[in-house]
Amino acid sequence: MAKHWWKALAILLLLYVIIAGFTVEIPIIGTNGQSSRGLFFHVPMWICMYTMFTISIVYSLLYLSKYDLKKDVIAAAAAGVGSFFGVMGFATGSLWATYTWGGTLTDDPKQMCTAIAILIYLAYLVLRLSIHDLDKRARISAVYNIFAYALLIPLTYIIPRMVDSLHPGSATTPGFASKDTSGSMKQVLYPAFIGWTLLSVWIFSLVVRYKKLQLKNIFK
């Protein structure tokens, strides 16, 4: 039971984040208004996505080093969970944009580049479904995963920070830093990072367990 302490921590933190996220007093910044509460849900989704995609690329590299199909299965599981949180991050961001930018889907560079990055990973999952030979699928998927991860950081972080954008943290729009983020928000935001990340790891572990049961011939 003791080994599951982090799951209990995840539940407690997320309960706190959900309750405090809708009740804590927040500063009214520009046109954000109460929509700034989306920070507690939107940004942690990206942390979960980056965490899962990083786990995925590590296991793809491990697969290529020894051609162990177990590593490929774990890489795919992490990519699937990462894609889920990527979609959730995009959805919560689009909802936020609806009330602050005047449109759900806009031509904002951050939003467009992020959409491309998520589509690249969704294509990775489709690619795996289209190849039935396990060894061939693993090799092609691992190489594709390397290129997908190499594009992830430029598309979602570097390029959006170099160009004009409505999104906080761009070349012309300040991000949520100490000067524009209250202490009360940080008291919810930091636990949100931990809680949502633990949830993503929990989901990932469940997916891996399911895959082990589904592919008993591989996980002997």
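Residues numbered from 1 in each chain as written. Predicted model: local features only at pLDDT ≥ 70, side-chain atom pairs only at ≥ 80, totals over all residues. Heavy atoms only, no water.

**Q** How do you make sense of the overall build of the chain when you look at a structure like this?
**A** Helix and strand content of the chain: 6 helices and 0 strands. Taken from N to C terminus, the helices and strands of the chain fall in the order α-α-α-α-α-α. The 220 residues of the chain split such that 42% are buried. Excluding contacts between residues fewer than 6 apart, the proportion of contacts in the chain whose partners are at least 24 apart in sequence is 72%. Summed over all atoms, the accessible surface of the chain reaches about 11,800 Å², with 70% contributed by carbon and sulfur. (Helix = DSSP H or I, 4+ residues; strand = E, 2+ residues; numbered from the N terminus. Buried < 20%, exposed > 50% of the residue type's maximum accessible area, 1.4 Å probe, protein only. Contact = heavy atoms within 4.5 Å. Areas by Shrake-Rupley, 256 points an atom, 1.4 Å probe, with all protein chains shown as cover.)

**Q** Any chance you could explain the nonpolar core here in plain terms?
**A** Nonpolar side chains tend to gather and get buried jointly when the protein is soluble and globular. Counting 24 residues, the largest nonpolar core has Val17, Phe40, Val188, Trp196 and Phe204 as its most contacted members. Of all the secondary-structure elements, those providing two or more residues to this core are α1 (5-23), α2 (39-66), α3 (69-100) and α6 (183-214). The element contributing the most residues to this core is α6, with 7 residues. Contacts of Phe40, omitting those with residues within four sequence positions, involve Val17, Gly21, Val24, Ile26, Met185, Val188, Leu189, Ala192 and Trp196. In this structure, Met49, Ala117, Leu152 and Leu155 belong to the second largest nonpolar core, which totals 11 residues. (Core = buried A, V, L, I, M, F, W, Y, C linked by side-chain atoms within 4.5 Å.)

**Q** Explain unusual backbone geometry here, please?
**A** Most peptide bonds are trans, and most residues other than glycine sit at a negative phi. The phi dihedral of Tyr67 is positive, around 55°, even though this residue is not glycine. Its location among the elements puts Tyr67 in the loop between α2 and α3.

**Q** Mind showing me how you'd approach a nonpolar patch on the surface here?
**A** Nonpolar side chains collect at one region of the surface, where Ile153, Tyr157, Ile158, Ile159, Met162 and Val163 lie side by side and expose about 510 Å² of accessible area between them. Within the secondary structure, Val163 sits in the loop between α5 (134-162) and α6. (Patch = residues over 30% accessible without salt bridge, like charges linked within 9 Å, V, L, I, M, F, W, Y side chains within 5 Å. Salt bridge = Lys/Arg side-chain N within 4 Å of Asp/Glu carboxyl O.)

**Q** For this particular structure, what's the right way to read the layout of surface pockets?
**A** Empty pockets left among the atoms are what a rolling probe the size of a water molecule brings to light. Taken as a whole, the second largest pocket holds about 310 Å³ of empty space. Forming the walls of the second largest pocket are Val73, Ala76, Ala77, Gly80, Leu125, Arg128, Leu129, Arg137, Val207, Lys211, Gln214 and Leu215. Elements supplying a minimum of two residues to the lining of the second largest pocket: α3, α4 (109-130) and α6. Top contributing element to the lining of the second largest pocket by residue count: α3, with 4 residues. By residue class, the composition of the lining of the second largest pocket is 7 nonpolar, 2 polar and 3 charged. (1 Å grid on protein atoms, 1.4 Å probe; cavity = no way out; pocket = protein on both sides within 12 Å on 5 of 7 lines; lining within 4 Å. Points joined across faces, edges and corners; volume = space filled by probe spheres on them. Nonpolar A, V, L, I, M, F, W, Y, C, P; charged D, E, K, R; others polar.)

Honestly, it's all geometry; don't read function into it.
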